[in-house]
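# Breakdown of the fold
Read off the chains here:
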Amino acid sequence: MSSITRPRRESDFACFPSSTPIVIDNGASTFRIGWAGETEPRVAFRNVVQRPRHRSTGETVSIVGDTDPTLMKFFDCTRSAVRSPFDDDVVYQFEYMEYILDYGFDRLGASSEVGHPILMTECECNPSFSRARMAELLFETYGVPSIAFGIDNAFSYKFNQKLGNCGEDGLAISCEHGTCHVVPFLKGQPVLGACCRTNVGGFHVTDFLRQLLSLKYPYHTANFTWEKAEELKKEHCYVALDYLSELQIFKNNKEEAEEKTRYWQLPWVPPPKEEPPSEEELARKAALKEKAGQRLREMAAAKRSQKIVELEKQLSYLEELTEQLDEAEESEATAILGRSGYLSQQEIKSAIVKATQSLRKAKGESNGNEEKADASGADKYPLVSVPDEELTPEQLKEKKKQILLKTTTEGKLRAKQKRAEEEALREKQEEQKRAENPELYLEELRARYSELSEKSEQRKRQKVNGGQTNGNHGSSGGVGRGERLNAAQKERMRLLASAAFDRGKGEDTFGMRDEDWLVYNKMSKDNDDDGNDDDESELVWIASKLQEIDPTFVSKSEAVQLTPEPPKVRPLTAEDYRIAIGIERFRCPEVLFQPGMIGIDQAGIDEMVSISLRRLMEDESVKQRLCQSILVTGGSSLFPGMIPRLESGIRQYRPYLSPLKLVRAADPILDAWRGAAAFGASSKFGKQTFSLADYREHGENLFHRYNIVYSL
């Protein structure tokens, strides 16, 4: 499941003697392993590990390197993520490192033990702890006889020195996966005390590109994977010679900006066009609708028939009961009423009238206005006109209820009639005012409408904050909704207590007078303030008049309803699936020169050269000699425009007309491994290694006193 540059050979270990070193370029991006003396590594894969579960067996498997999408569908990767053993180019997760070494040695053809010396690259000033853990892993797990470590930049510089690209004295600028380093070389040896490092590299460029595209096209976030962003970075990104000038090109929408924009078309399938339904389809839908309607009509008819049968049975029962009461004597009539559940014969007659009306309504017959009036009159309240001496105690209670209901109904009718008369008189007066002076009348209506609207809004605000505005008590002393409700409830309780007190004193006459209706209305009215309903009705009336006179008038309630609806979501088109990569092409690599763009407060690679030269305790002539041989290596050095931008940035920190020469490595990616392979095949390699016996004798102290990284 990994990307390899050469097929596995089981006979590799048999072809090489045990003294031939194995060279490992342990980069944070790519792991390369091969034999010393060769020009190409045997195996190369991405230096990551993933441990998903198999979907069918549930077994956890270890996947090293690049994954094949066609095979990853058999694994559940929701609970696992791609892990790297590195943190800022320093190995700290040796569990993952063991998986990677297992896979590398297996592809190289090793058995359970590796009986060859190991030469492994590492970053500048690698912590002794990390080197000790790596040596322990190689000695104890793989049984290697000896190990040597070296700086990858030094190997690349030495290799290019042999090719004539750089001199014995110079600078190495390494733009790596997670970091960037600047290392001075004097007489062919790295001066580690003067090296400079910043924790920004190619990984941050890729991640920044992925974030920018995800923010620009939020509905395509799933397509911007880290692997795809890496591919887009390698194909389209470049380093701007002048970042601000390049920004102005895209800001002013010049033709040059369009020429520098690249596009990536995502797969898009146009949505199917909705065709109008055919005549056959319309006929089929109409038939289904008619069938459903017929079924509902049949159900309604069956329900109506059942109701008619029940009403007829009830009416027949009531008529038979009336006949029995007419023929029976007084004692027998009382027993019959007790069994039937009715209080009097008048109540039975009222029930007959109601059942008759319901039956006629169910059959679709008209009840007649006279019968309605009759039912709303004496038949509706039959006990009101009956003397108290002729009624039983239960009938007396029912009579009091009927008296209260009748009084209430009549009071409502009288109040309604009075309001109608007042409305008619008011309409007549308003028409007279309007006829006398229409402009003055319209102005008065608008003023009255504004006044009532303000009062209504103020009343609503008081209900919310209890009469307080902006946290300060109002001068009017208003109270909140809760206090007003409490006051209304207290008033109702007082009225109820008074009515109950009056009932305890002799005869209960509540409901016999018209004044009782006002008390009842006050008890049943559920509002906070007196006159609120009147103000609201007045506001509605004035609004209707204003709309009648002024067609352009819009009330506040209608203005709220006329608020524009939120825009509907536009369907995505082929243009929305076209990813434009314009300003991102040079903005992402700019983080190498301005790490503050991604929140890292460190120096850029051009400023790092100046810092490294200041740390070098040499005279200006030596620094000038170093600046005449600057080697740029690492994967991020392959960006177009990197060398001119570096040269322009470094000149800002150097004296005027100071000599400066920058050159890119022959192969910025593989030169470190090739330099290490050449060093492993030389006679110097045996002098720079330490064996398993040395490790067991000295332990970790060996890495503090044994300067293996200086003598390359």
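Residues numbered from 1 in each chain as written. Predicted model: local features only at pLDDT ≥ 70, side-chain atom pairs only at ≥ 80, totals over all residues. Heavy atoms only, no water.

Before going further, it helps to spend a moment on the overall build of the protein chain. The secondary structure content of the protein chain amounts to 27 helices and 22 strands. Expressed as a percentage of the 712 residues in the protein chain, the buried residues total 41%. Expressed as a percentage of contacts within the protein chain between residues at least 6 apart in sequence, the contacts between residues at least 24 apart total 67%. Carbon together with sulfur atoms contributes 51% to the accessible area of the protein chain, which is approximately 41700 Å² in total. (Helix = DSSP H or I, 4+ residues; strand = E, 2+ residues; numbered from the N terminus. Buried < 20%, exposed > 50% of the residue type's maximum accessible area, 1.4 Å probe, protein only. Contact = heavy atoms within 4.5 Å. Areas by Shrake-Rupley, 256 points an atom, 1.4 Å probe, with all protein chains shown as cover.)

The subject of this paragraph is the UniProt feature "coiled-coil region" (unreviewed entry) in the protein chain. According to UniProt, the positions carrying the feature "coiled-coil region" (unreviewed entry) are residues 308–338. With 94% helix and 0% strand, residues 308–338 has end C-alpha atoms that lie 27 Å from one another. (UniProt positions renumbered as here; feature names shortened; annotations may be inferred.)

Quick look at the sheet that holds strand β10 (residues 118–122) now. The six strands lie next to each other as β3-β2-β1-β10-β11-β22, forming an open sheet whose pairing is mixed. Edge positions in the sheet fall to β3 (43–46) and β22 (690–691), since each has one partner strand and no second. Pairing geometry for β10 and strand β11 (residues 146–151), over five bridges, is parallel. The residue of β11 that forms the bridge with Met-120 is Phe-149. (Pairing = 2+ DSSP bridges.)

The topology assignment puts Ser-629 in the loop between α22 (620–627) and β20 (630–633). Its relative accessible area of 10% is what places Ser-629 among the buried residues. A polar contact of 2.8 Å, which involves the side chain of Ser-629, links it to the backbone nitrogen of Gly-167. Those residues within four positions of Ser-629 in sequence are excluded, and the remaining contacts are Tyr-157, Cys-166, Gly-167, Asp-169, Gly-170, Leu-171 and Lys-661. (Polar contact = N/O pair within 3.5 Å; in protein donor to acceptor, adjacent residues only side chain to side chain.)

Right, let's get into the nonpolar core. With 48 residues, the main nonpolar core has Leu-592 and Ile-605 as its most contacted residues. Among the elements of the structure, β12 (170–175), β13 (180–186), α6 (202–216), β19 (578–581), α21 (605–615), α22, β20 and α23 (642–651) are those that each provide at least two residues to this core. Not counting chain neighbours up to four residues away, the residues in contact with Leu-592 comprise Cys-180, Val-200, Gly-201, Val-205, Gly-604, Ile-605, Ser-636, Phe-639 and Met-642. Ranked by size, the runner-up nonpolar core spans 39 residues in total, among them Trp-35, Ala-110, Met-134 and Ala-135. (Core = buried A, V, L, I, M, F, W, Y, C linked by side-chain atoms within 4.5 Å.)

Here we take up the packing of aromatic side chains. Note on aromatic pairs: each is described by the distance of the centres and the angle between the planes. All told, the structure shown has 14 aromatic pairs when counted by the stated rule. Ring plane angle 25° and centroid distance 5.9 Å describe the contact between Phe-203 and Trp-226, whose orientation is recorded as stacked. Taken together, the residues span a long stretch of sequence, with Phe-203 in helix α6 and Trp-226 in helix α7 (residues 226–236) at a distance of 23 residues. Grouping aromatic residues by their ring pairs yields a cluster made of Phe-139, Phe-149, Phe-690 and Tyr-695. Residue placement shows Arg-426 over the ring face of Trp-541; its charged tip is 3.9 Å from the ring centre. Here the basic side chain of Arg-645 rests over the ring of Phe-593, its NZ or CZ set 4.4 Å away from the ring centre. (Phe/Tyr/Trp six-rings, centres within 6.5 Å; stacked < 30°, edge-to-face > 60°. Lys NZ or Arg CZ within 6 Å of the ring centre and 35° of its normal.)

Running from N to C, helix α10 (residues 279–327) and helix α12 (residues 345–363) point in directions that differ by 155°, and their axes come no closer than 9 Å. Classed by the angle they form, the pair α10 and α12 counts as roughly antiparallel. Regarding α10 and α12, the two cross each other, and that crossing is left-handed. Residues Arg-304, Ile-308, Leu-311, Glu-312, Leu-315, Leu-318, Glu-319, Leu-321, Thr-322, Leu-325 and Asp-326 of α10 lie in contact with α12, whose contacting residues are Gln-345, Ile-348, Ala-351, Ile-352, Ala-355, Thr-356, Ser-358, Leu-359, Ala-362 and Lys-363. Partitioned by chemical class, the residues of the contact of α10 with α12 number twelve nonpolar, four polar and five charged. (Axes fitted to C-alpha atoms, helices over the stretch in contact; angles between N-to-C directions. Parallel < 35°, antiparallel > 145°, perpendicular 65-115°, else oblique. Left-handed = near helix turned anticlockwise from the far one by under 90°. Nonpolar A, V, L, I, M, F, W, Y, C, P; charged D, E, K, R; others polar.)

Mapped onto the elements, Ser-658 comes out in the loop between α23 and β21 (662–664). If we skip the residues at most four places from it in the chain, Ser-658 touches Gln-624 and Arg-651.

When the charged atoms of two side chains with opposite charge come close together, those side chains can pair. Under the defined criterion, the tally for this structure stands at 24 salt bridges. A salt bridge links Glu-584 to Lys-216; the nearest nitrogen and oxygen atoms lie 3.5 Å apart. Placement of Glu-584 in helix α20 (residues 584–587) and of Lys-216 in helix α6 is noted, with a sequence separation of 368 residues between them. Judged by relative accessible area, which is 6%, Glu-584 ranks as buried. Among the residues examined, Lys-216 registers a relative accessible area of 38% and is labelled partly exposed. (Salt bridge = Lys/Arg side-chain N within 4 Å of Asp/Glu carboxyl O.)

Before going further, it helps to spend a moment on the packing of α10 against helix α11 (residues 330–340). Running from amino to carboxyl end, α10 crosses α11 at an angle of 160°, the nearest separation of the two axes being 10 Å. Relative to α11, the element α10 lies roughly antiparallel. Note on packing geometry: the crossing formed by α10 with α11 is left-handed. Across the interface between the two elements, Tyr-317, Leu-321, Gln-324 and Leu-325 from α10 touch Ala-333, Ile-336, Leu-337 and Ser-340 from α11.

Here we take up the environment of Pro-382. If you trace the backbone, Pro-382 turns up in the loop between α13 (369–376) and α14 (393–436). Taking the relative accessible area as the measure of exposure, Pro-382 reaches 9% and is therefore buried. As for Pro-382 and Gln-345, which are separated by 37 residues in sequence, their C-alpha atoms are 9.8 Å apart. Excluding residues within four positions of it along the chain, Pro-382 makes contact with Gln-346, Ser-350 and Gln-402.

A separate point is unusual backbone geometry. A positive phi angle, near 55°, is found at Cys-125, a position not held by glycine. Mapped onto the elements of the fold, Cys-125 is located in the loop between β10 and α4 (128–142). Of note, Lys-187 is a non-glycine position whose phi angle comes to about 55°, a positive value. Summarising the element assignment, Lys-187 is placed in the loop between β13 and β14 (189–190). The exposure class of Lys-187 is exposed, given its relative accessible area of 68%.

Moving on: a negative patch on the surface. On the surface, a cluster of negative charge is made up of Glu-319, Glu-320, Glu-323, Asp-326 and Glu-327. Locating Glu-323 in the fold gives a position in helix α10. (Patch = residues over 30% accessible without salt bridge, like charges linked within 9 Å, V, L, I, M, F, W, Y side chains within 5 Å. Lys, Arg positive; Asp, Glu negative; His and termini not counted. Charge placed at Lys NZ, Arg CZ, Asp CG, Glu CD.)

What follows concerns the pairing of β20. Alternating residues of β20 divide into Ile-630 and Val-632 and Leu-631 and Thr-633, and every residue in both groups is buried. When β12 meets β20, the two strands line up parallel, connected through four bridges. Each residue of the ladder has a partner; that of Leu-171, found in β20, is Ile-630. Handedness of the crossover is the feature at issue here: the chain leaves β20, passes through α23, returns alongside β21, and the resulting connection is right-handed. (Right-handed = clockwise from strand over helix to strand, strands pointing away.)

Next up on the list: the environment of Ser-450. Within the secondary structure layout, Ser-450 lies in helix α15 (residues 438–465). Using a relative accessible area of 46% as the deciding quantity, one classes Ser-450 as partly exposed. With 89 residues separating them in the primary sequence, Ser-450 and Leu-539 have C-alpha atoms 9.3 Å apart.

What follows is about helix α3 (residues 94–108). The periodicity of an α-helix, 3.6 residues per turn, causes residues three or four places apart in sequence to face the same way. With 15 residues, α3 extends 20 Å between its outermost C-alpha atoms, agreeing within 8% with the 21 Å of an ideal straight helix rising 1.5 Å per residue. Restricting attention to buried positions, one finds in α3 the residues Phe-94, Tyr-96, Met-97, Ile-100, Leu-101, Tyr-103, Gly-104, Phe-105 and Leu-108. Once α3 ends, the next one or two residues include Gly-109, with phi positive near 105°. (Expected span 1.5 Å × (residues − 1).)

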